[in-house]
Amino acid sequence: MESVVTLEKWLRRGSQRAAVLQALRKPMPASELCIAARRINSHLQLRDLWLVLPQLKERGLVVCLTPRQANGKMYALTSTGRRLV
């Protein structure tokens, strides 16, 4: 697990990653998350979200609540993700 300082630096380097974390205040599906994050960063597209979410999950900032579901997967912040936001 990476330190909080390292994760914070990593987030600051990516405006799309930061926008996704800021938009994920409550559990929501990826389509709603994309719309909410687009209000923060207008350059974010759904395909970018599909690249950013695995990065956030790998670092332990986001968790998928419904991994077996094919469509409409719900994502939520972990405790580390909440601290960074």
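In what follows, the accompanying structure is described. Treat the numbers as computed from the prediction; the structure is a model and nothing was measured.

Another point: the packing of aromatic side chains. One pass over the structure, following the stated rule, counts zero aromatic pairs. The aromatic ring of W10 is capped on one face by R17, whose charged end is 4.1 Å from the ring centroid. When the ring centre of W10 is taken as reference, the NZ or CZ atom of R59 above it lies at 4.0 Å.

Examined against the element boundaries, R12 turns out to sit in helix α1 (residues 4–13). There is a polar contact of 2.7 Å between the side chain of R12 and the side chain of E8.

Cut-off values and rules
Throughout this description, residue numbers start from 1 for each chain and increase along the sequence as written. This being a predicted model, a pLDDT of at least 70 is required before a residue's local features are given, and a value of 80 or more before pairs of side-chain atoms are given or counted; all residues contribute to the totals for chains, interfaces and linings. To get the side-chain values, all heavy atoms of the structure are used, and hydrogens and water are removed first. Centres within 6.5 Å make a pair out of two Phe, Tyr or Trp rings, where for Trp the six-membered ring is used; the pair is then stacked when the planes are under 30 degrees apart, edge-to-face when over 60, and tilted otherwise. Placement of a positive charge over a ring is assigned whenever Lys NZ or Arg CZ falls within 6 Å of the ring centre and within 35 degrees of the normal to the ring plane. Each helix is a run of DSSP H or I of at least 4 residues and each strand a run of E of at least 2, with the numbering of both proceeding from the N terminus. Polar contact criterion, stated in full: a pair of N or O atoms within 3.5 Å, where within protein one must be able to donate a hydrogen and the other to accept it, and residues adjacent in sequence count only if both atoms are side-chain atoms.

Note that all results are geometric; they support no functional claim without further evidence.
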